[in-house]
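Structural overview for review
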Amino acid sequence: MTSSTATADVLLTGGSGQVGTEIRRQAPVTMNIVAPSSAAMSLGDPDAILAMVTSRPWAAVINCGAYTAVDRAESEVVEAWRANALGPAALAQATAAAQTPLIHVSTDYVFDGSRPGAYRESDPVAPLGVYGGSKEAGEQAVRTGNRRHLILRTAWVVSPHGSNFIKTMLRLAQTRPEVRVVDDQRGCPTSAADIAATLLKITGRMIAEPSAPTGTYHFVNAGEATWCELARAVFEMAQARGAPAPRLEAITTAEFPTPARRPANSRLDTAKLQADYGIEPRPWRAAVEDIVEALLPAAQEQGL
């Protein structure tokens, strides 16, 4: 970009996902977000990635695309690694050759959850399963493949779009008198809208400033909760708006076995992002309230 008033062409992968949907919705008029379908550019197809990245002079590339089926990844190892590791590697190589900054979304699942406090960017990674392992490999590919990169780890993504925990809880509330939810995994519920706003701010600065900070960062909404505490907040907010609220039973991870192991602690420290980019996350309850407010008409009139 040669002018701060020019429109920047930004390539977005995963444009139909929770965060991608919000990026397309929130993008400023100074950014032309181009979000090809997975058929047009699959993260598992390095040739398609190279063709797309070289198709025009992109101002930046945001990679929100990923294989996110955490449990299914345990039996679909190749598919998970193709999208989460090979895809970012191809993006890093192509964007580096084009001298284009690459902004890459990653996950709390790169950690094993054994740390007592919130994870910092410098803490050692130790993924527990295929999904986390493939995402950690994708980080390494981006980190080593393109010097002008920014990796943004986030966690517990929720929104009015796609499939997520809040939508599941509101749907279950329509038909079940009691819902059992895990109460020994702790993390930071995070709005896809807030992640998108953060990514757009980072992208804008990386386009405008060649010396903008790069590296690995964490972004989650402020505060913490267990899944059960999040469910309780959702049901309370829903009940205040006239929706049904089932009884809530707190259970342990052992009582709800899944193919993939989850980190018991998914809390992420956001101080580095606040210091370098001036982004201060809002409390997760405020973010969740916005999502419940957006979903309830659909929940009451059509069902989730």
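Up top is the structure.
Residues numbered from 1 in each chain as written. Predicted model: local features only at pLDDT ≥ 70, side-chain atom pairs only at ≥ 80, totals over all residues. Heavy atoms only, no water.

**With respect to the overall build of the protein**
Counting its regular elements, the protein contains nine helices and 12 strands. What you see for the protein is a C-alpha radius of gyration of 19 Å, in line with the 19 Å of a compact globule of 304 residues. Expressed as lengths along the three principal axes of its C-alpha atoms, the size of the protein is roughly 55 × 40 × 40 Å. Looking at the protein as a whole, 52% of its 304 residues qualify as buried. For the protein, the proportion of contacts with a sequence separation of at least 24, taken over those separated by at least 6, is 81%. In the structure as shown, the protein presents an accessible area of about 13200 Å², 50% of it carried by carbon and sulfur atoms. (Helix = DSSP H or I, 4+ residues; strand = E, 2+ residues; numbered from the N terminus. Rg over C-alpha atoms; globule rule 2.2 N^0.38 Å. Buried < 20%, exposed > 50% of the residue type's maximum accessible area, 1.4 Å probe, protein only. Contact = heavy atoms within 4.5 Å. Areas by Shrake-Rupley, 256 points an atom, 1.4 Å probe, with all protein chains shown as cover.)

**Structural notes on the pattern of salt bridges**
A pair can form between side chains of opposite charge whenever their charged atoms are brought close. Per the stated rule, a full pass over the model turns up 18 salt bridges. For Asp9, the salt bridge identified is with Arg56, shortest N-O distance 3.4 Å. Pair noted here: Asp9 is in strand E1 (residues 8-13) and Arg56 is in the loop between helix H2 (46-53) and strand E3 (60-63), with a separation of 47 residues, a long-range link. Taking the relative accessible area as the measure of exposure, Asp9 reaches 23% and is therefore partly exposed. Given a relative accessible area of 33%, Arg56 falls into the partly exposed group. The partner of Glu22 in a salt bridge is Arg25, with the nearest N and O atoms 2.7 Å apart. (Salt bridge = Lys/Arg side-chain N within 4 Å of Asp/Glu carboxyl O.)

**A few points about helix H6 (residues 192-208)**
Here H6 contains 17 residues, and its C-alpha end-to-end distance of 24 Å stays within 8% of the 24 Å for a straight helix at 1.5 Å per residue. In terms of residue burial, H6 counts as a mostly covered element, since 12 of its 17 residues are buried. Looking only at H6, the buried set comprises Ala192, Ala193, Asp194, Ile195, Ala196, Thr198, Leu199, Leu200, Ile202, Thr203, Met206 and Ile207. (Expected span 1.5 Å × (residues − 1).)

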